[in-house]
Amino acid sequence: MNRFLFIFSFLIIFAYQVSGEEVVSTKKEEPDAYYGLKIGAIVTPTVSVRIRDKASGTTDLNASDRSGFSLPWTMFFISKEWEDTGLKMEFWGEIVRSDVLSNDTTVNGGTKSNPYVFAVRRANVSKTIELGQTQHKFQFGMFELPHMFSVWSGYYDWRYFDRSPLESLGFAKDPVDLGINYIGSWKSLSVQTAVVNGEGYRSVQNTNGTGYDVILKLSWEERWSDTLKSGLHFLGRRSNAFGYAGDECKEGRTNCLPSDGNPLTVKRGSISLTQEQVYAVEANLIWKEFANVGLGGMAKKQFGGRISDSLDPFGPSVMIPEKIGRGGYLWLGLGNSLLRLVMRGEVATGGPNPGLTATESSQREPWVRFKDPATNPIHSDQSHYILRQIFLEWFLTPSARMALGYTETRSFDAQGEPNKWYVDNSGMERNRVEYIEQFSKPTLVPISEYGRLDRNIVIKATATF
């Protein structure tokens with residue numbers, strides 16, 4: 001406990017001292033900031049303590065466990081704006097764990113350690129055009145995707161503590177991607193549409209497909225007064241929507257069909273197996289610093305298709321059914337300019353880790369039961385997870401804050417039962433199949449079953465300049 005208090009006190013002192021000013025370029029006989037060069041940074045030192053007890057059954061750490069000290073959401077940015085032409089250039093760099101970008105680390109069986117590396121997060125050029133009461137902005141390069149609007153619009157004000165809900169649910173693979181972006185606005189209405197690679201800014205291109213993703217966001221935002229603001233947003237995404245090759249869903253070519261290692265087969269799947277549709281809606285309300293409310297939901301459809309063997313053209317094909325998934329979330333922030341209490345909840349199909357997964361088949365009763373009465377109905381997959389967070393924020397300065405919080409994730413399997421840890425009496429983690437087999441086969445090391453509940457106490461400080 002004394003160690004925990006020491007860490008907390010140290011971070012308070014550290015975050016309180018961090019501050020900075022905007023840097024702008026100047027030129028003789030020109031007004032300051034005319035050239036619009038801005039430099040800034042976001043720094044978020046973090047310490048996370050994973051709660052472990054005898055009921056969890058496991059104390060093993062993996063090579064990239066988030067427990068301990070870390071630096072998520074730490075970035076450096078620089079931008080330059082030419083006001084007379086409406087052109088703007090921006091560059092953002094981000095500190096990330098090297099195992100996120102490389103398979104050479106011990107996380108993936110490599111030999112390298114897991115230090116932090118500096119990677120590009122944004123790099124784009126934009127052009128803004130004003131026509132009457134409308135404004136049109138075009139971006140080309142690497143940019144934030146439309147589902148990140150809640151972070152940069154000030155609705156979800158705690159990206160330093162955890163990812164925004166649409167990020168967590170997996171609206172897109174990453175919050176940033178490469179492509180072309182358009183934002184048009186008129187009074188309280190705005191539209192944003194983007195065409196991007198689809199793999200995200202941290203992945204190699206064409207691993208999911210050679211086509212492009214299309215993303216759309218429609219928003220209505222109204223500022224009722226200086227202290228009251230509300231918004232309603234609709235979003236959609238279609239992966240691998242166009243530009244793909246008709247035969248790219250071949251075994252081992254993309255993630256559509258991983259290789260099974262059998263040289264006697266060359267499997268080929270329908271292009272629809274590389275495609276999915278995602279829809280989301282979110283409503284927001286901000287009243288001064290006293291209340292910040294967000295409510296939203298998301299649905300994902302993973303298209304089905306057939307898989308056949310090119311070396312056996314007359315053999316039977318395998319039908320992969322279409323699957324859907326759903327999720328919802330809510331956050332509530334209450335407080336003043338000094339302290340704020342924030343609560344957040346998230347529930348979605350999938351698990352055990354956060355992230356919405358399409359699990360329910362489009363097949364419906366009674367056809368599934370008639371097919372094989374001995375099996376569970378395919379559409380009755382009940383796997384889901386529930387994420388809860390609560391934390392207290394302390395505003396040290398207008399640009400620096402600290403949060404002390406608790407987060408937990410409960411998850412349930414396909415039968416709707418809580419997920420378990422399986423640990424043998426030597427302390428090694430095992431799986432459910434091994435646990436069940438020990439009752440019908442002789443075993444030297446008995447395996448025990450424990451309830452799974454991922455819990456963490458987190459301290460985070462953030463400063464922006």
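Given the structure is predicted, the values throughout are model-derived calculations rather than measurements.

Caption draft 1: Examining the pattern of salt bridges more closely. One pass over the full model with this rule turns up 21 salt bridges. Measuring nitrogen to oxygen at the nearest pair gives 3.3 Å for the salt bridge that ties Glu 94 to Arg 202. In this pair, Glu 94 sits in strand 5 (residues 87-97) while Arg 202 sits in the loop between strand 9 (189-196) and strand 10 (212-223), placing the two residues 108 residues apart along the sequence. Arg 202 sits in the partly exposed class, given a relative accessible area of 29%. Through salt bridges that share partners, Glu 90, Glu 94, Arg 121, Arg 122, Glu 144 and Arg 202 make up one connected network.

Caption draft 2: Expanded view of the nonpolar core. Among the nonpolar cores identified, the biggest contains 37 residues, and Trp 158, Phe 161, Leu 166, Leu 169, Phe 171 and Met 298 are the most heavily contacted of them. For this core, the secondary-structure elements that each account for two or more residues are strand 4 (75-82), helix 3 (149-152), helix 4 (165-169), strand 9, strand 13 (276-287), strand 17 (323-335), strand 18 (339-349) and strand 20 (384-397). The contacts of Phe 161, once residues within four sequence positions are left out, are Gln 389, Phe 391, Ala 403, Gly 405, Val 458 and Lys 460.

Caption draft 3: Fine view of the sheet that holds strand 16 (residues 318-320). An order of 12-15-16 is seen for the three strands of this open sheet, with the pairing classed as antiparallel. A single partner strand is all that each edge strand has here, and the edge strands are strand 12 (267-269) and strand 16. Within this sheet the neighbouring strands show an average axis-to-axis angle of 25°, counted without direction. As paired elements, strand 12 and strand 15 (residues 305-309) share three bridges and run antiparallel to each other. The partner of Arg 268 across the bridge, within strand 15, is Ser 308.

Caption draft 4: Summary view of the pairing of strand 20. Pairing of strand 18 with strand 20, which is carried by 11 bridges, proceeds in the antiparallel orientation. Bridge pairing links Leu 339 to Trp 394 in strand 20. Two strands pair when backbone bridges link them, and strand 20 and strand 21 (residues 400-412) are joined in this way by 13 bridges, in the antiparallel orientation. The residue bridging Phe 391 from the neighbouring strand is Gly 405, located in strand 21. Connecting the antiparallel pair strand 20 and strand 21 is a turn made up of two residues.

Caption draft 5: How the structure looks around the side chain of Lys 217. Tracing the backbone through its elements, the reader meets Lys 217 in strand 10. Of the side chains with opposite charge, Glu 221 comes closest to the buried, unpaired Lys 217, at an N-O distance of 5.6 Å. One polar contact links Lys 217 to Ser 219, side chain to side chain, over a distance of 2.8 Å. Setting aside residues up to four positions removed in sequence, Lys 217 forms contacts with Pro 146, Phe 149, Ser 190, Val 191, Gln 192, Phe 234 and Leu 235.

Caption draft 6: How the structure looks around the environment of Ala 358. Considering the arrangement of structural elements, one finds Ala 358 in the loop between strand 18 and strand 19 (360-361). A relative accessible area of 15% places Ala 358 in the buried class. In this structure, the C-alpha to C-alpha distance between Ala 358 and Arg 326, residues 32 residues apart in sequence, is 7.5 Å. Excluding residues that lie within four positions of it along the chain, Ala 358 makes contacts with Lys 300, Gln 302, Lys 323, Ile 324 and Gly 325.

Caption draft 7: Just the packing of aromatic side chains, in detail. What the rule picks out here adds up to 15 aromatic pairs. For the pair Tyr 435 and Phe 439, a centre-to-centre distance of 5.4 Å together with 90° between the ring planes defines the contact as edge-to-face. Given a relative accessible area of 62%, Phe 439 falls into the exposed group. Taken together through their ring pairs, the aromatic side chains of Tyr 156, Trp 158, Phe 161, Tyr 329, Trp 331 and Phe 391 make up a single cluster. Against the face of Trp 92 rests Arg 122, its NZ or CZ located 4.2 Å from the ring centre. Here Arg 452 stacks its cationic end above the ring of Trp 421, 4.2 Å away from the centre of that ring.

Caption draft 8: Structural detail: unusual backbone geometry. Between Gly 351 and the following residue, Pro 352, the backbone shows a cis peptide bond with an omega angle of 5°. Inspection of the secondary structure puts Pro 352 in the loop between strand 18 and strand 19. Phi angles above zero are rare outside glycine, and Lys 187 is one such case at about 55°. Looking at the secondary structure, you find Lys 187 in the loop between strand 8 (176-186) and strand 9. In this structure, Lys 288 is a non-glycine residue whose phi angle is positive, near 50°.

Caption draft 9: Up close: the confidence of the model for the chain. Per-chain confidence: the chain averages 85 in pLDDT, with 85% of residues scoring 70 or above. Overall, residues 10-26 carries pLDDT values under 50, and its contacts beyond four positions in sequence, including any with other chains, amount to 31 contacts.

Caption draft 10: Region of interest: the environment of Leu 396. Counting through the fold element by element, Leu 396 comes out in strand 20. Using a relative accessible area of 12% as the deciding quantity, one classes Leu 396 as buried. Along the sequence, Leu 396 and Ser 337 sit 59 residues apart, while their C-alpha atoms lie 9.6 Å from each other.

Conventions used here
Residues numbered from 1 in each chain as written. Predicted model: local features only at pLDDT ≥ 70, side-chain atom pairs only at ≥ 80, totals over all residues. Heavy atoms only, no water. Salt bridge = Lys/Arg side-chain N within 4 Å of Asp/Glu carboxyl O. Helix = DSSP H or I, 4+ residues; strand = E, 2+ residues; numbered from the N terminus. Buried < 20%, exposed > 50% of the residue type's maximum accessible area, 1.4 Å probe, protein only. Core = buried A, V, L, I, M, F, W, Y, C linked by side-chain atoms within 4.5 Å. Contact = heavy atoms within 4.5 Å. Pairing = 2+ DSSP bridges. Axes fitted to C-alpha atoms, helices over the stretch in contact; angles between N-to-C directions. Lys, Arg positive; Asp, Glu negative; His and termini not counted. Polar contact = N/O pair within 3.5 Å; in protein donor to acceptor, adjacent residues only side chain to side chain. Phe/Tyr/Trp six-rings, centres within 6.5 Å; stacked < 30°, edge-to-face > 60°. Lys NZ or Arg CZ within 6 Å of the ring centre and 35° of its normal. pLDDT = per-residue confidence, 0-100.

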